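Commentary on secondary and tertiary structure
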Amino acid sequence: AIAAIFAAAIAAMEAAVDNGLLVGFENNEIRPKNNLTRAEMAAVMARAFGAITMADISAYTDVAYDAWYYESIAKAVQMGAMTGKSATQMCPSCNITREEAFSVLGRILALSDADTSVLSKFYDAASVSSWAAGNIAALVRRGYVNGDDLGNLNPKANITREEFAQVMHNMIKRYITNPGTYAEVLPGITVVRCG
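Residues numbered from 1 in each chain as written. Predicted model: local features only at pLDDT ≥ 70, side-chain atom pairs only at ≥ 80, totals over all residues. Heavy atoms only, no water.

1. Regarding the confidence of the model for the protein chain
Defined as follows: The quantity called pLDDT is the predictor's confidence in a given residue, expressed from 0 to 100. Under the DSSP-based scheme used, a helix requires at least four consecutive residues in state H or I and a strand at least two consecutive residues in state E, with every element numbered from the N terminus. Contacts: residue pairs with any heavy atoms within 4.5 Å of one another.
Overall, the prediction assigns the protein chain a mean pLDDT of 84, with 76% of residues at 70 or greater. Per-element confidence in the protein chain ranges from a low mean pLDDT of 53 for helix H1 (residues 2-18) to a high of 96 for helix H5 (residues 130-141). Counting interchain partners and residues more than four positions distant, the pLDDT-below-50 stretch residues 1-6 has zero contacts.

2. So, the packing of aromatic side chains
Keep this limit in mind: Only the six-membered ring of Trp is used, alongside the rings of Phe and Tyr, when aromatic pairs are assigned; centres must lie within 6.5 Å, and planes under 30 degrees apart are stacked while those over 60 apart are edge-to-face, with the rest tilted. Three exposure classes are used, based on accessible area relative to the maximum for each residue type with a 1.4 Å probe and protein chains only: buried under 20%, partly exposed in between, and exposed over 50%.
Scanning all chains against the criterion turns up two aromatic pairs. Judged by centre distance (5.3 Å) and plane angle (85 degrees), the ring pair of Trp 68 and Tyr 69 falls under edge-to-face. Of the residues examined, Trp 68 reaches a relative accessible area of 56% and is grouped as exposed.

3. Section: the side chain of Glu 100
With respect to the element layout, Glu 100 can be found in helix H4 (residues 98-108). Look at Glu 100 and you get buried, because its relative accessible area is 12%.

4. Section: the nonpolar core
For the record, the criterion: Put simply, a nonpolar core is a bunch of buried Ala, Val, Leu, Ile, Met, Phe, Trp, Tyr and Cys residues held in one set by side-chain atoms that sit within 4.5 Å of each other.
Met 41, Met 45, Leu 119, Phe 164 and Met 171 are the most contacted members of the largest nonpolar core, which totals 49 residues. Contributing elements (two or more residues each) for this core: helix H2 (38-48), helix H3 (70-79), H4, H5 and helix H6 (161-171). No other element matches H5, which puts seven residues into this core. Ignoring sequence-local partners within four residues, the contact set of Leu 119 consists of Ala 125, Val 128, Ala 133, Ile 136, Ala 137, Val 140 and Leu 153.

5. Some details on the packing of H2 against H6
Heads up, the rule is: To get an axis, a line is fitted to the C-alpha atoms, and for a helix only the part in contact is used. The angle between two axes follows their N-to-C directions and goes from 0 to 180 degrees. Just so you know how the angles are binned, under 35 degrees is roughly parallel, over 145 roughly antiparallel, 65 to 115 roughly perpendicular, and the rest oblique. Left-handed describes a crossing in which the near helix is turned anticlockwise from the far one by less than a right angle; the clockwise case is right-handed.
Orientation of H2 relative to H6, taken along the N-to-C sense of each, is 30 degrees, at an axis distance of 12 Å. With respect to H6, the axis of H2 lies roughly parallel. For H2 against H6, the interelement crossing comes out right-handed. Facing H2, whose interface residues are Glu 40, Met 41, Val 44, Met 45 and Ala 48, H6 presents Arg 161, Phe 164 and Met 168.

6. Re the pattern of salt bridges
What counts is decided by this rule: The salt bridge criterion pairs a side-chain nitrogen of Lys or Arg with a carboxyl oxygen of Asp or Glu, the two atoms within 4 Å.
Here the structure, examined in full by the defined rule, presents eight salt bridges. One salt bridge connects Arg 98 with Glu 163, and the closest N-O pair in it is separated by 3.9 Å. Of the two residues, Arg 98 sits in helix H4 while Glu 163 sits in helix H6, which places them 65 residues apart along the sequence. Given the relative accessible area of 31%, Glu 163 is considered partly exposed. The partner of Arg 141 in a salt bridge is Asp 115, and the shortest N-O contact between them spans 3.8 Å. Linking Arg 141 in helix H5 with Asp 115 in the loop between H4 and H5, this pair joins segments that are 26 residues apart in sequence. Relative accessible area serves as the criterion here: at 39%, Arg 141 is assigned to the partly exposed category. A relative accessible area of 44% means that Asp 115 is categorised as partly exposed.

Quick look at the structure:
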């Protein structure tokens, strides 16, 4: 069973790298156990969905115009995927929690359920913030998000790069980057990001 879990994690990381979602650091390390930051989340969303339009994010005083993540955050805000921690703070270097990451995915894919009873199968369901419950319920109901081996969702825990890659791998089965005709229908979500 451990070998199967390990193989699934490797497949998810390979898919994230192959599809340009996760990029390596300066020494070509992918750092799967590192926590995902809010800036990295914005970059992944912009790359995953081929965003090109940027919002005016000048109100966020902690996002420098010359920061590597400025355009990614501007794109993620324009997409409706990300919002600030406050009206003036984006907190780009902060780690993103599991419930924040799941909510970003739910918002960007327009997945939200008013019926959040599916969350009751997790021992820590009461820890899910009310603002995140609908998005998370939609992801759980569709099998995109699962709890840990102890039956917890761990909504307040930080999400690692490999955990996020696994969720993306669970959800998105194909990225189409070249114009053409595609006849094969795959389960899950297909993202078209070609001009």
